[in-house]
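# Descriptive analysis of the structure
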Amino acid sequence: MTPNDGEPDLSLVIGGVRFRNPVIAASGTFGYGREYQGLLTVSDLGGICTKGLTLEARDGNRGTRLHETPAGLMNSVGLENPGIPAFLERELAGMLALGPVVIVNLAGSTIESYAEGARLLDSSGAAMVELNISCPNVKAGGMAFGLDPQSAGAVTRAVRRALPHKPLMVKLSPNAPDLPAVARACVSNGADALSLVNTFKALALDVEARRPVFENLTAGLSGPAVRPLALRLLWELWDAVAVPLVGLGGIGSPEDALEFLLAGAAAVQVGSALFPRPALPTEIIRGIAAYMRRKGFSSLTDLPLRQQPPAV
Ligand SMILES: Cc1cc2nc3c(=O)[nH]c(=O)nc-3n(C[C@H](O)[C@H](O)[C@H](O)COP(=O)(O)O)c2cc1C
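Since this is a predicted model, take the numbers as computed values, not measurements.

Going from Leu196 to Val197, the amide bond is cis rather than trans, its omega being 15°. Note that Val197 resides in the loop between strand E10 (193-196) and strand E11 (200-203). Backbone geometry places Arg210, a non-glycine residue, at a positive phi of 55°. Tracing the backbone through its elements, the reader meets Arg210 in the loop between strand E12 (205-206) and strand E13 (211-212). Of the residues examined, Arg210 has 7 C-beta atoms within 10 Å and is grouped as exposed.

As a further point, take helix H3 (residues 111-122). Along its 12 residues, H3 runs 16 Å from first to last C-alpha, staying within 8% of the 16 Å computed at 1.5 Å per residue. Those residues of H3 that fall on the buried side of the exposure criterion are Tyr114, Ala115, Gly117, Ala118 and Leu121. Around the axis of H3, the buried residues are gathered within 160° of arc, so they sit on the same side. For H3, the secondary structure elements touched by its buried residues are helix H1 (84-90), strand E7 (101-106), strand E8 (128-132) and helix H5 (149-162).

Quick look at the sheet that holds E11 now. If you trace the four strands from one edge of the open sheet to the other, you get E5-E6-E14-E11, paired in antiparallel fashion. Strands with a single pairing partner mark the edges of an open sheet, and in this sheet they are strand E5 (66-69) and E11. Averaged over neighbouring strand pairs, the angle between their axes works out to 40° when direction is ignored. Judged from the four bridges that link them, E5 and strand E6 (residues 72-75) form a sheet pairing that is antiparallel.

Conventions and cut-offs
- Residues numbered from 1 in each chain as written.
- Predicted model: local features only at pLDDT ≥ 70, side-chain atom pairs only at ≥ 80, totals over all residues.
- Helix = DSSP H or I, 4+ residues; strand = E, 2+ residues; numbered from the N terminus.
- Buried ≥ 20, exposed ≤ 12 C-beta atoms within 10 Å, placed from the backbone.
- Expected span 1.5 Å × (residues − 1).
- Arc of directions from axis to C-beta.
- Contact = placed C-beta atoms within 7 Å.
- Pairing = 2+ DSSP bridges.
- Axes fitted to C-alpha atoms, helices over the stretch in contact; angles between N-to-C directions.

Pasting the structure below:
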C-alpha cells in the first residue's frame, strides 16, 4: 500500500513513461479520445492509443467495415486517418489535454514511410509510439512487416533510428507463424516494449449474396472470441523477451484484464468492448484496485504469477 492512503498503487512505468494505471484504450477503438467525452471520464484511463496514423491521409477501405460474429467483431476499416502532419496540427494538443498518456499508433506502407512518420513524431508532444506492423486490412505494409522476424526487425530498426527521443512499443500480429521469433527481432532492434495482439485474420461469407462480406476478402477478428488465444501468446512471449508486454484481445471485464496482468502483462488495452460499453475502462480500473485490496497486494508488480526475470 502507498504510505499515505492505504490504497494499492496502480501506477507503472514503460520506457520511462509513467502511467497512472494499467488500462489503455486500444488503437482504432477510441478515436482521438475526445469522441468519448461524456461517455466516461476519459482522464481515468492510463493511456490512449490513436488510430493508426500514416504519413499521408488515407480514406480507409470501401464496402462493409464491421461485421459481428457470435463472440467477436470483424473489421476492415483499413487505416482511415488524416495523416501525421494533420494529426499533429489538429488533434494532438486536444488529446494531450485529456490527461492520459498519449500513444501514437504509427503505420506505413514502406520502411521509408514508417521512418518518415517516426521522424515527425519524435519532435512532437506524444509520449510514446506504438509501431503497428500488424494491421491485417491494408494491401501494402501493415501486417506484412509483422509476420517474419527479418522484416519486423528491419522496420523496427529504421523507426528506432528515426525516433531517438521517444519510447517505442511494437504492436505484434497474432498471425505470425513464429511470434516469439518476431518479438525477439523487434527487441534486438530497439523496441522498448511490445503490445499484443492485433486482430486475427478471418473470413466471413454472405450466404444469400454468395460473396465475401468484405471487399478485401478477409478482415480482422477481435473481441471475446480471441481472448484465450491472445492470453496464450502473451504467456509464451513472457518467456521469450525481457521487455514490458502490453496485453490485449477480448478484454471485457476486470477479471479479463487481471488474467493478462497475472500472465505477466505490465498493462492492458481495451478495444472492441468499448463500443457497447464505453465506460468499461473505469469499471476495469476499479475492479483491479478492488482485487488488489482483497488479495493484500500493494503494487502491480505483485500480480504476475511468474516473478522470475524472463530469459533474454
Ligand atoms: C474497428 C477497429 C479498428 C482498429 N484499428 C486499429 C488501428 O488503426 N491500429 C491498430 O494497431 N489496431 C487497430 N485495431 C485493433 C485493436 O487495437 C486491437 O488490437 C484488437 O481489436 C484486439 O483487441 P480487442 O479484442 O480488445 O478489440 C482495430 C480494431 C477495431 C475493432
